[in-house]
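# Structural description and commentary
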Amino acid sequence: MVRLAAAPTHSRRSIWTLIGVETMCLLGSEISRFGVSVWIYQTTESVSAFSALLLANTLPGMLASPIAGSIVDRSSRKRVMIGAALVSLCGTLIVLAGALLGELSMPLVIAGACLASVGEAFQWPALSASIPLMASEEDLPRYNGFLESGRAASMLAGPALAGFLLAFLGLPALVAIELVTFALATVVVAATAIPRPDAPPDASDEPPPSLIADSLFGFTWIAAHKPLLKFLLVATFANFFISIGIVLMPPYGLSFLGEQAYGITNGLFGAGMIAGGLLYGALAKRFTNAQQFLATALVLGVVYVGYGFARDPYTLGAMNLLIATTMTMGNAAIMTVWQLKVPDELQGRVLSTMRLVADITIPVSFLLAGPLTDKLVPRLYPSGTGTEQMGALFSVMGGLLFVGFVVASLVKDVRRVEDMEA
């Protein structure tokens, strides 16, 4: 696998275009998602409705990931990105039609979310596998850092813009904004030069395996590369506890803060994500990706412990900033390791499988967060208030994360995953 010594100017321009397009699409999605969330709350006032939406945004894409990776490797990655955008556009059109006609319902919202989830399952590996083809090994961390920061900026700005626009324009306009951003992205990507990976030198003339059989290739490849498998299992372990924390953060913060103060502390989480992407790129020349990942992971465990003791906006805001910064740095480091170690022609299948395994515990975490908070913790800590009980859960999870990351840092294959031959 040969990496560019220095990316040509047109390649750098294409990378920045893709980063910009990804940021724009996510901004449109966040604006629309905010409006739909408000509609769900006003219409149903049901937690189950939000849970259904969460699963619709997650499970279809997870199920489609292996097949999506195979198609990414078999096809032009530009065409896959265009096709993924069109699938997402169909989902947006369903929701927009319901909103314009005054017939919006949960089935329509769920259908739109399912299509968006499937579109993302194809879009993410196609984009992630395209950037390494245009970037030098030295510059790849910087581009991944900017990509993470762009996503974070969209997640930070989207709800703020949506809250302002919803009052003046209404839900159909917010959904229409998402439609426009995806349509523009499709046109821009179609006009962007995106290379295809070279065929491996030992490629045979035998017909390729079936799509279903090929979709399992990512699992066998990862299983055969033990250092990357162990590295992936560490990320999966982390995602389980982090996802529970993400669910608990809103009720925990609102249990001792007013809405305005909580909004400010939540904004600091978004700011931390932006800072994390930029900081990762700046530190990439001084530290390896594995070092950045393990260091930020250990810090994350400590911060989670401290998060459980936060009782004022200043402490909670600082903790939110640190959690988001370390999470973003760790995610960018993980992505760069995989992009550098997986051959270009295999990245669609392997990266899709990697993401599926890393995220496999997230739906379980979402389902467990409620029972843990409402039933188990109160039984173990009956004398505490609701705030204290949720705080205790954060601290326990932080301790488990820290111990787990200490153990991971002692595993040679994890610590030296970048020494594995590509």
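What counts, and where the lines are drawn
Here the residue numbers are simple positions, counted from 1 along each chain's written sequence. Residues qualify for local features only when their pLDDT is at least 70, as the model is predicted, and side-chain atom pairs are given and counted only at 80 or more; totals for whole chains, interfaces and linings, by contrast, use all residues. Side-chain descriptors were evaluated using all non-hydrogen atoms of the structure, hydrogens and water having been removed beforehand. Only one rule defines a salt bridge in this text: a Lys or Arg side-chain nitrogen within 4 Å of an Asp or Glu carboxyl oxygen. Helix numbering and strand numbering both begin at the N terminus, where a helix is a DSSP run of H or I of at least 4 residues and a strand a DSSP run of E of at least 2. Think of it in three bands: with a 1.4 Å probe and only protein chains considered, a residue is buried below 20% of the maximum accessible area for its type, exposed above 50%, and partly exposed in between. To be clear, the arc concerns the directions from the helix axis to the C-beta atoms. Planes of paired rings set the category: under 30 degrees apart is stacked, over 60 is edge-to-face and the rest tilted, where pairs are Phe, Tyr or Trp rings (Trp by its six-membered ring) whose centres lie within 6.5 Å. Count a disulfide wherever a pair of cysteine sulfur atoms falls within 2.5 Å.

## Observations regarding the pattern of salt bridges
Enumeration over the complete set of coordinates arrives at eleven salt bridges. Of the charged contacts in the structure, one is a salt bridge between E30 and R33, with a shortest N-O distance of 2.7 Å. Residue E30 and its partner R33 are both found in helix α1 (residues 9-44); the two are separated by three residues, about one turn of the helix. The class for E30 is buried, based on a relative accessible area of 13%. Under the relative-accessibility criterion, R33 is labelled partly exposed at 36%. Taking the shortest distance from any N to any O, the salt bridge between D419 and R416 comes out at 2.8 Å.

## Description of helix α8 (residues 217-224)
Along an α-helix, a turn takes 3.6 residues, which lines up residues three or four apart on a common side. Inspection of α8 places G218, W221 and I222 among the buried residues, and these make up the whole buried set. The arc enclosing the buried residues of α8, seen along the axis, measures out at 95°, which places them on a common side.

## Remarks on the packing of aromatic side chains
Under the criterion given, the structure shown has eleven aromatic pairs. Aromatic side chains Y252 and F394 sit 5.3 Å apart centroid to centroid with 50° between the ring planes, which places their arrangement in the tilted category. One end of the pair, Y252, is in helix α9 (residues 226-254); the other, F394, is in helix α15 (residues 386-410), with 142 residues separating them in the sequence. We classify Y252 as buried; its relative accessible area is 0%. For F394, a relative accessible area of 0% corresponds to the buried category. Their ring planes at 65° and their centres at 5.7 Å tell us that Y304 and F394 sit as a pair that is edge-to-face.

## Structural notes on the state of the cysteines
Tallied over the full model, the rule gives zero disulfides. With no disulfide of its own, C25 lies 14 Å from the sulfur of C90, the closest cysteine sulfur. Free cysteine: C114, not disulfide-bonded; nearest cysteine sulfur from C90 at 14 Å. Its relative accessible area of 25% is what places C114 among the partly exposed residues.

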